[in-house]
Amino acid sequence: MAVTTPANMKHWDSQELQQLRKRAKAWFLKKGRALPWRESNDPYRIWISEIMLQQTQVVTVIPYFHRFLQAFPTVIALANAPEEQVLLHWSGLGYYRRAKQLHAAAKVIRDQHNGSFPTDFESVLALPGIGRYTAGAICSFAYDARTPIVEANTQRLFARLLRLKGQLAEKPIQDQLWFFASSILPERSGSGAVNQAVMELGSQICTPKEPSCQECPLRELCPTFANGEQATIPSPKPPKVYEEKVEAALVVQNEATELLLRRCQPGERWAGLWDFPRFDVTTVKSASQLEQSISEQFESRFGASVCLQEELLQLKHGVTRYRITLRCFRATLDVSTTQVSEASNKGVGHDTQWCSASNLKEIPLSSTGKQISEHLRKLLDANGP
DNA sequence: AATCCGGGGAT
DNA sequence: ATCCCAGGATT
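Residues numbered from 1 in each chain as written. Chains lettered and ligands numbered in written order. Predicted model: local features only at pLDDT ≥ 70, side-chain atom pairs only at ≥ 80, totals over all residues. Heavy atoms only, no water.

Trainee: So what exactly am I meant to see when it comes to the protein's contact with DNA strand C here?
Mentor: Around DNA strand C, the surrounding shell holds 25 residues, and the nearest of these are Trp 37, Arg 97, Thr 134, Asn 153 and Arg 156. Each atom of DNA strand C within 4 Å of the protein was assigned to sugar, phosphate or base; sugar and phosphate come to 61%. Here Arg 97 contributes a side-chain N or O atom positioned 2.7 Å from a base nitrogen of DNA strand C. Ala 152 places a main-chain nitrogen or oxygen 3.1 Å from a phosphate oxygen of DNA strand C. Mapped onto the surface near DNA strand C, the elements with two or more residues apiece are α6 (97–112), α8 (132–143) and α9 (152–162). (Near = heavy atom within 4 Å. Polar contact = N/O pair within 3.5 Å; in protein donor to acceptor, adjacent residues only side chain to side chain. Helix = DSSP H or I, 4+ residues; strand = E, 2+ residues; numbered from the N terminus.)

Following this line, the structure appears as structure tokens:
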């Protein structure tokens, strides 16, 4: 009996690799999902989908993908659009840096690639927002290039097929995964089909918990299945530790019943997006302190005084290592002090605006901003007729 | 290697 | 509640 060591990972000979390719492709033809970005080999559509799919699940992406393609049917249309319009169609999807880099890359393609998506791996990799995985995915899916891919689905599948022990984030493990990703690709054509197939297998069969090994076409080739180690390979990630925060958002209306919005600044969370005025009140202990803290922070930022009114709703959301409780209050401006218009002109004027409720859907907001908007719309509907 | 960037679906 | 997701860029 051989000793089990990290070096005891499975070795794949060329015949087994050939079987893997054949079985994975056959399974994909039968069981693969029909997804919008699989309908063509258009690199533009594939590119958009790959950026949207970074750290974001398929079901979430699908409606955004359709709306985005309708708004920006070509890379030229995307390159020529104002950034705010690009952000608007990304609003709610998260990781807004992706949208900005997508926009920047579209300009590079327009200005340096004659408006057509580059076809060689190095040029694709050089585009903003595109790393090793995304470049490999685009090139193999769109051009059938022999480029390997390692991402959430395939790294889990490959780790099990290789019986790799250890954290997936570790460099030696990553090296093994990328080497294997290359070794499964056929010599001549068909890399795109193989990559699609193994991704889909990782996604639909080789799931993190309780993988569907009974239905897996690679079951007989899998050392992790043979040893019943699906629960420990790959190694579970250490749990994240979150920091609790409490923030307050203000719904401030002017005489025209428009709402005060502020553009998030570079370096801030959601830079470039608009949000209801928001303040950190994590350290506040009492209700009176809360009112005072918000008043002071509003005054120093907008140069006007507000009076806190009723609490409209509470939302909970996460940003990186923070778990945020967001308390949303209605607030009124204290007209005895500074005028509203002056408030909106303090600092950079175009980073503050009054927006009618009906125009909120034209403004790129974060997800919580959209949730507050939706809440207000329901209030208006309830009081309107 | 660690951190930042967001949000939502699944369990 | 917790885990996880078609990652990339920065430090």
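There's more to say after this.
Trainee: Help me out: how do you make sense of the protein's contact with DNA strand B in this one?
Mentor: Every one of the 18 residues lining DNA strand B counts as a neighbour, but Gln 55, Tyr 95, Tyr 96, Arg 321 and Ser 367 are closest to it. When atoms of DNA strand B within 4 Å of the protein are sorted by moiety, sugar and phosphate together comprise 64%. Within the backbone of Tyr 96, one N or O atom sits 2.5 Å away from a phosphate oxygen of DNA strand B. Contributions of two or more residues to the surface near DNA strand B are made by α3 (58–71) and α15 (367–383). Residues that form the surface near DNA strand B fall into these classes: four nonpolar, eleven polar and three charged. (Nonpolar A, V, L, I, M, F, W, Y, C, P; charged D, E, K, R; others polar.)

Trainee: Can you help me understand helix α2 (residues 43–52) in this one?
Mentor: Residues separated by three or four positions in an α-helix point in the same direction, a consequence of the helix having 3.6 residues per turn. With nine of ten residues buried, α2 lies mostly within the body of the structure. Within α2 the residues assigned to the buried category are Pro 43, Tyr 44, Ile 46, Trp 47, Ile 48, Ser 49, Glu 50, Ile 51 and Met 52. Looking at the packing, one finds that the buried side of α2 touches α3, α4 (75–80), α5 (83–90), α6 and α8. Where α2 begins, one side-chain oxygen reaches toward the backbone nitrogen of Tyr 44, 3.0 Å away; that side chain belongs to Asp 42. (Buried < 20%, exposed > 50% of the residue type's maximum accessible area, 1.4 Å probe, protein only. Contact = heavy atoms within 4.5 Å.)

Trainee: Would you mind going over the packing of aromatic side chains with me for this structure?
Mentor: Within the structure shown, the criterion is met by nine aromatic pairs. Relative to Trp 90, the ring of Phe 68 lies with its centre 5.9 Å away and its plane at 85°, an arrangement referred to as edge-to-face. Of the two residues, Phe 68 sits in helix α3 while Trp 90 sits in helix α5, which places them 22 residues apart along the sequence. Three or more aromatic residues joined by ring pairs make a cluster, and in this case those are Trp 12, Phe 158 and Phe 180. Lying over the aromatic face of Trp 12, Lys 10 brings its terminal NZ or CZ to 4.7 Å of the ring centre. It is Arg 269 that lies over the ring of Trp 270; its NZ or CZ is 5.0 Å from the centre. (Phe/Tyr/Trp six-rings, centres within 6.5 Å; stacked < 30°, edge-to-face > 60°. Lys NZ or Arg CZ within 6 Å of the ring centre and 35° of its normal.)

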